[in-house]
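# Breakdown of the fold
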Amino acid sequence: MTPADRHLLTTLFDVAVAAADPRRALSGHLPERPRGRTVVVGAGKGAAQLAQAFETLWDGPLSGVVVTCHGYGAPTRAIRVFVAAHPVPDAAGRAASAALFEAVQSLTADDLVVALICGGGSALLPMPPGALTLEDEAALNRALLASGAPISVMNAIRKQVSGIKGGRLAAAAHPARVVSLIVSDVPGDDPAQVASGPTVPDRTSRAEARRLARDWRIDLPPAVAAWLEGDAGAAPDPADPVFAGNEVRVIASARLSLEAAAACAAAEGVPAVILSDAIEGEAREVGRVHAAIAREIALRDRPFPRPVVLLSGGETTVTLRGAPGRGGRNTEFLLALAQAAEGTSFAALAADTDGIDGSEANAGAFADGTTAARLRALGLDAGALLAAHDAYHGFEALGDLFVTGPTGTNVNDFRAILIR
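Residues numbered from 1 in each chain as written. Predicted model: local features only at pLDDT ≥ 70, side-chain atom pairs only at ≥ 80, totals over all residues. Heavy atoms only, no water.

### Some words on the domain arrangement of the protein
- Under the domain assignment used here, the protein contains domain 1 (3-16 + 255-419) and domain 2 (22-252).
- Here the C-alpha centre of domain 2 lies 30 Å away from the C-alpha centre of domain 1.
- Residue-level contacts link 18 residues of domain 1 with 23 residues of domain 2.
- Of the roughly 1,600 Å² buried where domain 1 meets domain 2, counting both sides, 55% is carbon and sulfur surface.
- The largest per-residue losses of area from domain 1 upon contact with domain 2 belong to Glu 280, Gly 408 and Asn 410, which jointly make up 29% of the total buried on that side. (Domains from an automatic or database assignment. Contact = heavy atoms within 4.5 Å. Buried area = accessible area lost by both parts, 1.4 Å probe.)

See below:
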């Protein structure tokens, strides 16, 4: 990969992230000041940065609580920031969930609750219902993450095994008006799916959650499976009057970020095509499909003529088989792409816009048509690395990891494939 290609791909990522900048996203979406109090609540990988930006934009007194991941904090004046574990919930997250509930107690119809919600909030908001324990909820999260199920399936189940998700936090704030300002990291930008919708209810039933768990063969912890068989603590109905008058606004998304990156590429003299902002499926299979498109362009100038950069977003999944190595869905996507398109002239970057691919310190990695051959020269095999879910070590050995640190926002995965 030439330095110029790496620079262009990095620039496109930076532009995509900048399009979801918290201050930029919030400006223009501020609600009217209430007669009473303004209380801010929030959750997600970019929640602290959203809270920080909201404080600078809001003209009036406020208080509140948000929770974010370790390493994602930001200084705030009036809004308290909790940090907790991700992707498996911990006691700090449970304490943060309790603090969010406490913040919205005893409000009146004159008060306003502003909910700053972004991706990653599901794991940061544990509140096991009934007799379930924090370990039960953590075990559920581990089972969901290993299942390969799409995020919509995972969140449908999470909402039925929670005391805060599925609109329950907004219900607790009644009769105050709740305005949810959401940075979407989910395919399709359904606000009820972001962070499992603590302030946005949906119509997924307990029976539907059970069916999804069966269809996707999710190995539910016994206590969770028993809870789902009952009817206690079902998620609230969106038609419940407690939600009347509430507002929901998606203020940033993968679509907007990809459009910004496409405009940047065009300004650099490279036409861009957005394949989709909502791609789901197994990361390695999605990588192979992208490889087939890249090969067709490189060989036959179809379906798009060269030069072109293919952009896509969404959230792929990785079904763990056996003991996993190191790596996230973006490095797994790239390794499958590099293996399937070996010898093709392309340059690619795939990275999570929050700056963390899975649980590693990198956002993603770079790959090109020589990646598989360069791995062999180091005594490594792309197929073996894929089988072990160990893509991180391969890209680390090549010096092709893409490291940004936490970005302060999250509109899910960003993928760019450049064919000159």
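After that view, the rundown keeps rolling.
### Re the pairing of strand β9 (residues 347-352)
- Of all six residues in β9, six are buried; the element is thus mostly enclosed.
- Side chains Ala 347, Leu 349 and Ala 351 project from β9 onto one buried face, and the interleaved Ala 348, Ala 350 and Asp 352 project onto a second face that is buried too.
- The pairing of β9 with strand β10 (residues 364-368) spans five bridges and is classified as antiparallel. Following the sheet pairing, Ala 351 is matched in β10 by Gly 364.
- Sheet topology places β9 next to strand β12 (residues 413-419); six bridges connect them, and they run antiparallel. Counterpart to Leu 349 in the pairing with β12 is Ala 416. (Buried < 20%, exposed > 50% of the residue type's maximum accessible area, 1.4 Å probe, protein only. Helix = DSSP H or I, 4+ residues; strand = E, 2+ residues; numbered from the N terminus. Pairing = 2+ DSSP bridges.)

### Some remarks on the UniProt feature "domain: MOFRL-associated" (unreviewed entry) in the protein
- Per the UniProt record, the feature "domain: MOFRL-associated" (unreviewed entry) sits at residues 9-229.
- For residues 9-229, the helix share is 41%, the strand share is 15%, and the end-to-end C-alpha distance is 48 Å. (UniProt positions renumbered as here; feature names shortened; annotations may be inferred.)

### Concerning helix α7 (residues 151-159)
- A large share of α7 lies buried, amounting to eight of its nine residues.
- Here α7 has its buried residues at Ile 151, Val 153, Met 154, Asn 155, Ala 156, Ile 157, Arg 158 and Lys 159.
- Looking at the buried positions of α7, the neighbouring elements they touch are α5 (121-124), α6 (134-147), α8 (168-173), α9 (206-215) and α10 (222-229).

### Considering unusual backbone geometry
- Cis peptide bonds are those with omega within 30 degrees of zero, and the linkage from His 86 to Pro 87 qualifies with 15 degrees.
- If you trace the backbone, Pro 87 turns up in the loop between β3 (79-84) and α4 (91-103).
- The step from Arg 306 to Pro 307 runs through a cis peptide bond, and the omega angle for that step is -5 degrees.
- Relative to the assigned elements, Pro 307 resides in the loop between α12 (283-300) and β8 (308-314).

### Considering the sheet that holds strand β4 (residues 112-118)
- Pairing within the open sheet is parallel, and its six strands lie in the order β3-β2-β1-β4-β5-β6. The open sheet has two edge strands with one neighbour each: β3 and β6 (247-252). Going across the sheet, the axis of each strand differs from the next one's by a mean of 15 degrees, ignoring polarity.
- In this sheet, β3 lies alongside strand β2 (residues 63-69) in parallel orientation, the contact comprising six bridges. Each residue of the ladder has a partner; that of Thr 68, found in β3, is Val 83. (Axes fitted to C-alpha atoms, helices over the stretch in contact; angles between N-to-C directions.)

### Concerning the sheet that holds β10
- In spatial order, the strands read β7-β8-β12-β9-β10-β11; together these six strands make up an open sheet with mixed pairing. Single-partner strands in this sheet number two, and they are β7 (272-279) and β11 (401-402).
- The strands touched by helix α1 (residues 3-18) within the sheet are β8, β9, β10, β11 and β12, with β9 carrying the most contacts at an inclination of about 30 degrees.
- Running at roughly 165 degrees to β7, helix α11 (residues 254-267) makes contact with β7, β8 and β12 of the sheet.

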